[in-house]
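Residue-level structure breakdown
Residues per chain are reported as follows:
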Amino acid sequence: MSRTPGRIFEGNLNAKGLRIGIACARFNEFFVSKLLDGALDAFVRHGGDLADVDVAWVPGSFELPFALSKFIARGNYDAVIALGVVIQGATTHAAQINSQVSKAIGQLGIESGVPVLYGLLTTENIEQAIERSGTKAGNRGFDVTVSAIEMANLNKAMKS
Ligand code: RBF
């Protein structure tokens, strides 16, 4: 027996007319700028206008939730994205930053009503960061921006 659901909500990948805010961590800027390049490329190639993207730089990934919440408070973004690169070192800093930041970003996504996208690389070493910021494993900034476009359009679809 086939079952027919009620409405099915989906977000399309058309960025035309969307406004997004991107928070970028300056720590490991060498990689974060590549993620930002990927994000802007994805937005434009999906029909978005570069002038509709605002970018805020913060010192490190720990500060990303602050910038995201400031973007959300401005009230004019269809989605916000966090970009950062946390590379494991000799101490436990990476684990601490990662758990705090992912929790805070997740919380904003639930509470704000604005789609919040997680675009952090949390890698064991520099090689893994290279692979994910525009080489053999793609560009996480590009991928997360496609997801941001989908979520922004899903959010619009679910309001009507
Ligand atoms: N920020 C990052 O975005 N990525 C890192 O890999 C990173 N490593 C850090 C390692 C240490 C030991 C410290 C103290 C900070 C590090 N930060 C890193 C910066 C952190 O996110 C934040 O900007 C600062 O701790 C100031 O609050």
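Please read all numbers here as calculations on a predicted model, not as lab measurements.

Another aspect to go through is the overall build of the protein chain. Scanning the protein chain from N- to C-terminus turns up five helices and six strands. When the helices and strands of the protein chain are placed in sequence order, the string is β-α-β-α-β-α-β-α-β-β-α. Computed over C-alpha atoms, the radius of gyration of the protein chain comes to 16 Å, within 12% of the 15 Å expected from 2.2 N^0.38 for 160 residues, which places it in the range of a compact globule. Counting only C-alpha atoms and orienting by the principal axes, one finds that the protein chain spans roughly 55 × 35 × 35 Å. Counting over 160 residues, the protein chain shows a buried share of 42%. A sequence separation of at least 24 residues applies to 78% of the contacts in the protein chain between residues at least 6 apart. Accessible area for the protein chain stands at about 8800 Å²; split by element, carbon and sulfur atoms hold 53% of it.

Attention now goes to the environment of K16. Tracing the backbone shows K16 in the segment before strand 1 (20–25). Through-space distance from the C-alpha of K16 to that of V86 is 32 Å; in sequence the pair is 70 residues apart. In this structure K16 touches H46, G47 and G48, once residues within four positions along its chain are discounted.

Attention now goes to the nonpolar core. Grouped together as the largest cluster of nonpolar side chains are 24 residues, with contacts concentrated most on I20, I22, F43, I81, L83 and V85. Sort the elements by how many residues they give to this core and helix 1 (residues 29–45) lands first, with six residues. The residues contacting V85, other than those within four sequence positions of it, are F27, N28, F31, V32, L35, S61, L121 and A129. Judged by nonpolar contacts, the second largest core, of 19 residues, contains A25, A67, L68 and F71.

Let's shift gears to the side chain of S133. Following the sequence through the fold, S133 ends up in strand 5 (residues 133–135). Among the polar contacts listed, one links the side chain of S133 to the backbone oxygen of A129, at a separation of 2.8 Å. Among all residues touching S133, those that are not within four sequence positions of it are F31, K34, L35, L121, G138 and N139.

We now examine the packing of helix 2 (residues 64–74) against helix 3 (residues 93–111). Where helix 2 contacts helix 3, the two axes come as close as 10 Å, and the packing angle between them is 15°. Taken together, the axes of helix 2 and helix 3 are roughly parallel relative to one another. Regarding helix 2 and helix 3, the two cross each other, and that crossing is right-handed. Of the residues in helix 3, those in contact with P65, L68, S69 and I72 of helix 2 are V101, A104, I105 and L108. When its residues are assigned to classes, the contact of helix 2 with helix 3 shows seven nonpolar, one polar and no charged.

Another aspect to go through is unusual backbone geometry. Not every positive phi belongs to a glycine, and N28 is a case in point at roughly 60°. Mapped onto the secondary structure, N28 falls in the loop between strand 1 and helix 1. On the basis of relative accessible area, N28 is assigned to the partly exposed category, the value being 23%.

The rules behind the values
Residue numbers here run from 1 along each chain, matching the order of that chain's written sequence. Given that this is a predicted model, residues contribute local features only at a pLDDT of at least 70 and side-chain atom pairs are listed and counted only at 80 or more, while totals for whole chains, interfaces and linings are drawn from all residues. Each side-chain value is derived from all of the structure's non-hydrogen atoms; neither hydrogens nor water enter the calculation. Put simply, DSSP H or I for four residues or longer makes a helix, DSSP E for two residues or longer makes a strand, and each gets a number counted from the N terminus. We compute the radius of gyration over the C-alpha atoms and compare it with the globule rule, which gives 2.2 Å times the number of residues raised to the power 0.38. Relative accessibility under 20% of the residue-type maximum defines a buried residue, over 50% an exposed one, and the middle range a partly exposed one, all with a 1.4 Å probe and only protein chains included. A contact between two residues is defined here by any heavy atoms of the two lying within 4.5 Å. Only the protein chains shown count as cover for residues, with accessible areas throughout obtained via the Shrake-Rupley method and a probe of 1.4 Å. To define a nonpolar core, start from buried Ala, Val, Leu, Ile, Met, Phe, Trp, Tyr and Cys residues and group those joined through side-chain atoms within 4.5 Å. Any pair of nitrogen or oxygen atoms within 3.5 Å is treated as a polar contact; in protein, a donor-acceptor pairing is required on top of that, and neighbouring residues in sequence qualify only through side-chain atoms on both sides. For helices, the fitted axis covers only the stretch in contact; all axes are lines through C-alpha atoms, and the angles between them, taken along N-to-C directions, range from 0 to 180 degrees. Roughly parallel means an angle under 35 degrees; roughly antiparallel means over 145; roughly perpendicular covers 65 to 115; every other angle is labelled oblique. In a left-handed crossing the near helix is turned counterclockwise from the far helix by less than a right angle, and in a right-handed crossing that turn is clockwise. Residues are sorted three ways: Asp, Glu, Lys and Arg are charged, Ala, Val, Leu, Ile, Met, Phe, Trp, Tyr, Cys and Pro are nonpolar, and all the rest, Gly among them, are polar.

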